[in-house]
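Here are the chains, one letter per residue:
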Protein chains: 2
Amino acid sequence: MSTTTPHALGERAQIILKTLIDRFIREGEPVGSRTIARESGLDLSPASIRNALLDLEEQGFLQSPHASAGRVPTVRGYRLFVDSLLTVQPLESAQLALLEQGFVADETATRQQVIDTASRLLSGITRMAGVVTLPRREQLGLRHIEFLPLSGHQVLAVLVFEGQEVQNRILKVERPFSASELQQASNYLNTLFVGKGIQQVRDAIVDEMRRTRADMDELMRAAVELASVVFDVPEEADYVIAGQSNLMDFKELSHVEKLRALFDAFTAKREMLHLLDQALQGEGAQIFIGEESGYRVLDDCSVVTAPYRVNGQVVGVLAVIGPTRMAYQRVIPIVDITARLLGSALNLSN
Amino acid sequence: MSTTTPHALGERAQIILKTLIDRFIREGEPVGSRTIARESGLDLSPASIRNALLDLEEQGFLQSPHASAGRVPTVRGYRLFVDSLLTVQPLESAQLALLEQGFVADETATRQQVIDTASRLLSGITRMAGVVTLPRREQLGLRHIEFLPLSGHQVLAVLVFEGQEVQNRILKVERPFSASELQQASNYLNTLFVGKGIQQVRDAIVDEMRRTRADMDELMRAAVELASVVFDVPEEADYVIAGQSNLMDFKELSHVEKLRALFDAFTAKREMLHLLDQALQGEGAQIFIGEESGYRVLDDCSVVTAPYRVNGQVVGVLAVIGPTRMAYQRVIPIVDITARLLGSALNLSN
DNA sequence: CTTGGCACTCAGCCAGACGGAGTGCCAATC
DNA sequence: GATTGGCACTCCGTCTGGCTGAGTGCCAAG
């Protein structure tokens, strides 16, 4: 809003800003001119640094908590840092090993277990909160559909998707169906739907219903009816979170009220899902710093996200949530690699 | 350990203890003699009260945080209070209505949804944390078993139990089975197992395997093999928790480290499950006060539990977790009634 | 442009003082 | 013998003022 110039910062200013943020991320306390003079490698006196800091503050990259403290990055400062000052560290081999072991090919692992593992690993390695959204079925191909008779007017529908996803739904039906009727219905629907994504299936259902008139027997019509009920249920997005309590250790979040609001948002899920959905759209890793997320509860947090793929399709997002003062250089590659590993762990089972 | 006498407290002492604890539960601050003199209705001077308090302290029902504060109940004091001093309040009708609405008969609700609702209601009404264990399949009768062919060497097993419980498992198999083979296998197993509890099913499997020799064809043998794999998987107990963050508002828990330990215990689940398991054994409502639970993280908490039933069988537990200073008179009936409502909500769908 | 010097600001910490709440004990009273 | 008023004492919480250290902004000299 009050942006005045594109601010192509001079190299000098960039170095100073970078050392300041580096230091602040490491130590968590406002950084003064003397410190920067020592650590920047610039061979300038504190006084000169002070001048530069004053400029940076005027341009909105820094601020001081009070008159005689050092300086602290603003959201704007972090943004610049992340976008162009950051030197992404390669992942430490110990942590890489940890990740790979966590995803070691285990054919018996359920989808849920794999997802849980992913978020636990994220939070464990970063010591912050790890989030993984469940894969959106919308994007997954259907492997199998089956109807089973329960008592009288209840039918159990079983949907099997790519990527370890199995889904059950109990339906009420008008008249009882026998096992063999349901068997036929399942067979019929399988020939129609297998391999398609949910949206395609829906389209196919509409098609079938249109063509229904002449060439279909009553059973097939019933089958399509059932299918239309099953696939009509809108998918509810959801996610798994781990390591919430890690966030309690950061002093910048330790205000009880804020923390509580944050935790509540985690369980309410709605706002969180909105945010993660944005990350789903984008291509690669994405970072939301402080207020950028647009959600009050996240004002003091940053969110580092990366989408993951099954069968080449983006089906979900993982994220690390922590204080704005987080070690972005470290977190970014962690999220990135975990996304890849998770993707292939889910693929593997098709 | 250092119990000296059965301590049949005099009526006088009981009244004083009760008013003190009542007051402390309401206000959360150490209670002094003057307050009790005013509130007990005993028409005694503070000085007399002081004498009585001194006795109660010596007998271990009270303690003072420091020399010139009022007094506070010990675990022992709460115990006595809960066991014999407590006047259980009937549930306010507003809250009763809330509960009943929450469980309004909804045939389409899944087991998971019903359980979630229960724990949310518990936490919502008590403003503390609500916990509900998932129903133990061990106790539930099997309604249906089915095998479905997936690709090549994978078979999907679907188990349907009483009480909305559906369970999927993907199995590896030695040789591919055709759909009709699996159909036959399912039929066969259904005739053997339906209506039985898991343990009975396991027994039946062992039986079948013994009788296998002569009168069974290869397919049936395979069927039993499959079943033995499916039912061999030990059930992992689990629970759902809601309103964790409510606990952050209690000053007695607000020490960050403790709170964090507590939250971690909630997600680690192991110790919690142990405790809840004890409650499963007992008959009715059960209360663990402070250290009575035997788990360090719960030292400053009390847990009020009640088991719930499906088909007359106890299959799970619900609990409210809060600070030792909680309104037991209010919480006990809430947990109790919720248990009943949850039980019938789950029953209803068989 | 850079630098040393300087006055100034401000948070954090310590020490001391004070008031309030509540106690334990004792001697007087019913 | 239980009950009570009186009293000295303890201890917490809060407020105060003073001090220190860190860091600043500005200015004038290099």
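Here, the structure is the one placed above.
Below, the structure is looked at part by part. Quantities reported herein were computed from a predicted structural model and do not represent experimental measurements.

1. Points about the protein's contact with DNA strand D
S33, L54 and R71 of chain A together with R12 and S48 of chain B are the nearest of the 19 residues found near DNA strand D. Within 4 Å of the protein, the contacting atoms of DNA strand D are 75% sugar and phosphate, with bases supplying the remainder. At 3.4 Å from a sugar or linking oxygen of DNA strand D is found a main-chain nitrogen or oxygen belonging to A69 of chain A. A per-element tally of the surface near DNA strand D places helix α3 (residues 46-58) of chain B first, with four residues. Broken down by class, the residue content of the surface near DNA strand D amounts to six nonpolar, nine polar and four charged.

2. Considering the pairing of strand β5 (residues 154-161) of chain B
Residues and elements named next belong to chain B. For β5, the tally of buried residues reaches eight of eight residues, placing the bulk of the element in the interior. Here β5 shows a buried face lined by Q154, L156, V158 and V160 and a second buried face lined by V155, A157, L159 and F161. Sheet analysis places strand β4 (residues 142-149) next to β5, joined by seven bridges and oriented antiparallel. Paired with L148 across the bridge in β5 is L156. Turn length for the β4-β5 hairpin, with the two strands adjacent in sequence and antiparallel, is four residues, and the turn residue G152 shows positive phi of about 20°. Judged from the seven bridges that link them, β5 and strand β6 (residues 166-172) form a sheet pairing that is antiparallel. In the strand pairing of β6, A157 is matched with R169.

3. So, unusual backbone geometry
Peptide bonds are, in most cases, trans, and in most cases residues other than glycine have a negative phi. Positive phi outside glycine occurs at N311 of chain A, with the angle close to 55°. Within the secondary structure, N311 of chain A is located in the loop between β9 (301-310) and β10 (313-323).

4. A short note on the interface of chain A and chain B
On the side of chain B, 28 residues touch chain A, which itself brings 28 residues to the contact. Here chain A and chain B share an interface that buries about 2,500 Å² over both sides, 57% of which is from carbon and sulfur atoms. Of all residues in chain A, the largest losses of buried area upon contact with chain B belong to L148, M248 and R260 of chain A, amounting jointly to 21% of the total for that side. Our count for the contact surface shared by chain A and chain B stands at two salt bridges. The salt bridge involving D249 of chain A is made with R260 of chain B; its shortest N-O contact spans 2.2 Å. Here the residues of the side of chain A that touches chain B are counted per class, giving twelve nonpolar, nine polar and seven charged.

Thresholds applied
Residues numbered from 1 in each chain as written. Chains lettered and ligands numbered in written order. Predicted model: local features only at pLDDT ≥ 70, side-chain atom pairs only at ≥ 80, totals over all residues. Heavy atoms only, no water. Near = heavy atom within 4 Å. Polar contact = N/O pair within 3.5 Å; in protein donor to acceptor, adjacent residues only side chain to side chain. Helix = DSSP H or I, 4+ residues; strand = E, 2+ residues; numbered from the N terminus. Nonpolar A, V, L, I, M, F, W, Y, C, P; charged D, E, K, R; others polar. Buried < 20%, exposed > 50% of the residue type's maximum accessible area, 1.4 Å probe, protein only. Pairing = 2+ DSSP bridges. Contact = heavy atoms within 4.5 Å. Buried area = accessible area lost by both parts, 1.4 Å probe. Salt bridge = Lys/Arg side-chain N within 4 Å of Asp/Glu carboxyl O.

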